[in-house]
Structure formats: structure tokens, C-alpha cells
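Results of the structural survey
Okay, here's what each chain looks like letter by letter:
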Amino acid sequence: MPVPPKYQIRAAHTDTTVTVYQAYRPEIGLAAARDGRFPAVWKRDRMTWIKPSFLWMMYRCGWGLKEGQETVLAVEITREGFEWALRHACLSHYVRGFHADRATWQRELKRSPARVQWDPERDLHLRPLSYRSLQLGLAGEASRRYADEWTVGIREVTPLAREIHGLVREGRLPEAEALLPEERPYPVGDGLLGRVVAEGDASA
């Protein structure tokens, strides 16, 4: 099986939506899954990070076992909103030669409603792989639009996380892999990642 490009968005997506993952304490996560939208207590003025990679989310939340991240959500959002965020994003770190200088990057970061980190993708044992996974941070306008405009549906996937984790612990990796959400390369034509890939090696 060929290794994906170093920078590539892989996600469960349809013609109109893309699925991202987050994990919350039960008071927020269960209410969001029940109502299909984020509750009023979800702070719309705080930066929130969304991840298209299920396994990266599992690494972040420890299969839903970390305190404050016990409820794992699959959030289906519009592709229009997802792509708006990418087009208005800034890299979360300074890259010499990609940014004009550190001060320019800092100004861009301060005014951007979204930011991108590329972190190593994970395998079923949550070990780092050689290629990267997208994390998309949303703040200000982007965070509010994510919660109140872009979200199409919210499902709790904690039971799925626990089931896959159990299979991994038992060494039943083919069975665990068969349960993973199908994540396909996301189309990134028309310069979609131009602001957030420094090395020019993103691929659809």
C-alpha cells in the first residue's frame, strides 16, 4: 500500500460534507450528540480544534479515556465551511522562507480566524507515522460559524472508539482496522492549501 504524501487531508467526506472529530466532557458532548448542535455552554469565543483523522483523535483523547475528553464526537460540517476555514487559515508555526519574516507571520496569525498544524498521523497503536494529519484550529468568526452555521450533524462515536481499542488490545488488528471510518484523500484543487503547506508537496 503506497505511503500518502507528507501533507494530505484524509477524511470521511461526501459531495457536500466532511466529518471531523472532537472530544469533550460528557456534559457538552452528550448534549451536542443528543441535539445535533453544540449547546449554549459551548464557548463560541474560544479556539476549538477539529481533526479529520479518527486515529489522530484517538491519540489526542486516549480512546476517550482522558479526563475531560470522555465523549468522542463525529461532527459533520459543510465542505463550504471547511474550505472557507482553510482559505482563511495561517500556519500555527513560523517557517523560514515560507513567511516573509517572523513579524509578518505573527501579524497574519493574529488576524487569521483559523490556523493549521500538521502533526504525525497515527497507526492503530497510536504510534507516529511518516506522513502528517491536519489539525484545524478555529477562533472568532470561524468558531462561531462552525458551531452555528457549518455543522450539519453530530454523532457520538465513543462506543466505536472503545470497541476498536478493545480489539487493538487483544491483538485483533484486522478486525480493528475494518471498523475504522473510511477516510479518503480530500480534493484540494484551486490552491486550497496554499496558505498552510510550506513545502509545496500536498496532494489530492
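Procedures and definitions
- Residues numbered from 1 in each chain as written.
- Predicted model: local features only at pLDDT ≥ 70, side-chain atom pairs only at ≥ 80, totals over all residues.
- Heavy atoms only, no water.
- Helix = DSSP H or I, 4+ residues; strand = E, 2+ residues; numbered from the N terminus.
- Rg over C-alpha atoms; globule rule 2.2 N^0.38 Å.
- Buried < 20%, exposed > 50% of the residue type's maximum accessible area, 1.4 Å probe, protein only.
- Contact = heavy atoms within 4.5 Å.
- Areas by Shrake-Rupley, 256 points an atom, 1.4 Å probe, with all protein chains shown as cover.
- Lys, Arg positive; Asp, Glu negative; His and termini not counted.
- Charge placed at Lys NZ, Arg CZ, Asp CG, Glu CD.
- pLDDT = per-residue confidence, 0-100.
- Salt bridge = Lys/Arg side-chain N within 4 Å of Asp/Glu carboxyl O.
- Axes fitted to C-alpha atoms, helices over the stretch in contact; angles between N-to-C directions.
- Parallel < 35°, antiparallel > 145°, perpendicular 65-115°, else oblique.
- Nonpolar A, V, L, I, M, F, W, Y, C, P; charged D, E, K, R; others polar.
- 1 Å grid on protein atoms, 1.4 Å probe; cavity = no way out; pocket = protein on both sides within 12 Å on 5 of 7 lines; lining within 4 Å.
- Points joined across faces, edges and corners; volume = space filled by probe spheres on them.
- Pairing = 2+ DSSP bridges.
- Core = buried A, V, L, I, M, F, W, Y, C linked by side-chain atoms within 4.5 Å.

**With respect to the overall build of the chain**
Across its full length, the chain holds seven helices and nine strands. Computed over its C-alpha atoms, the radius of gyration of the chain comes to 17 Å, within 12% of the 17 Å expected for a compact globule of 204 residues. Expressed as a percentage of its 204 residues, the buried residues of the chain come to 49%. Restricting to contacts in the chain with at least 6 residues of sequence separation, those with at least 24 account for 75%. When the accessible surface of the chain is totalled, it reaches about 10,200 Å², and 48% of it is carbon and sulfur. With 30 positive and 27 negative side-chain charges, the chain shows a separation of 7 Å between the mean positions of the two kinds.

**Examining the confidence of the model for the chain**
Per-residue pLDDT for the chain averages 93, and the proportion of residues at 70 or more is 96%. Under a pLDDT of 50 for its full length, residues 200–204 has, in the predicted model, 15 contacts with residues more than four places off or in other chains.

**Observations regarding the pattern of salt bridges**
Under the criterion given, the structure shown has eleven salt bridges. Between Arg37 and Asp148 there is a salt bridge whose closest N-O contact spans 3.4 Å. Highlighted residues: Arg37 in the loop between α1 (26–35) and β3 (48–50) and Asp148 in helix α5 (residues 141–150), separated in sequence by 111 residues. On the basis of relative accessibility, which here comes to 43%, the residue Arg37 falls in the partly exposed class.

**Things to note about the environment of Val75**
Tracing the chain through its elements places Val75 in strand β4 (residues 71–78). In this structure, the C-alpha to C-alpha distance between Val75 and Gln22, residues 53 residues apart in sequence, is 7.5 Å. Look past the residues within four positions of Val75 in its chain and what remains in contact with it is Val18, Thr19, Val20, Phe38, Tyr146, Thr151, Gly153 and Ile154.

**Thoughts on the packing of helix α3 (residues 79–87) against α5**
Contact pair α3 / α5: the axes reach a minimum separation of 10 Å and the direction vectors enclose 175 degrees. Considered as vectors, α3 and α5 are oriented roughly antiparallel to each other. The segment α3 lies against α5, with Gly81, Trp84 and Ala85 engaging Glu141, Ala142, Arg145 and Trp150. For the contact of α3 with α5, the residue count by class is four nonpolar, one polar and two charged.

**Digging into empty space enclosed by the protein**
Here the idea is plain: a probe the size of a water molecule rolls over the atoms and shows the empty space left. All told, the structure shown has one cavity of 30 Å³ or more when counted by the stated rule. Roughly 30 Å³ of volume is contained in the largest cavity. Broken down by class, the residue content of the lining of the largest cavity amounts to three nonpolar, two polar and two charged.

**Considering the pairing of strand β2 (residues 17–24)**
Counting buried positions along β2 gives eight out of eight residues, so the element sits mostly inside the fold. Pairing geometry for β2 and β4, over eight bridges, is antiparallel. Bridge assignment links Tyr21 to a residue of β4, and that residue is Ala74.

**As for the nonpolar core**
Grouped together as the largest cluster of nonpolar side chains are 37 residues, with contacts concentrated most on Phe38, Trp118, Leu136 and Tyr146. With sequence-adjacent residues up to four places away left out, Phe38 is seen in contact with Gln22, Tyr24, Ala32, Arg44, Leu73, Val75, Tyr146, Ala147, Thr151 and Ile154. Counting 18 residues, the second-largest nonpolar core is a separate cluster that includes Leu55, Ala74, Leu124 and Val168.

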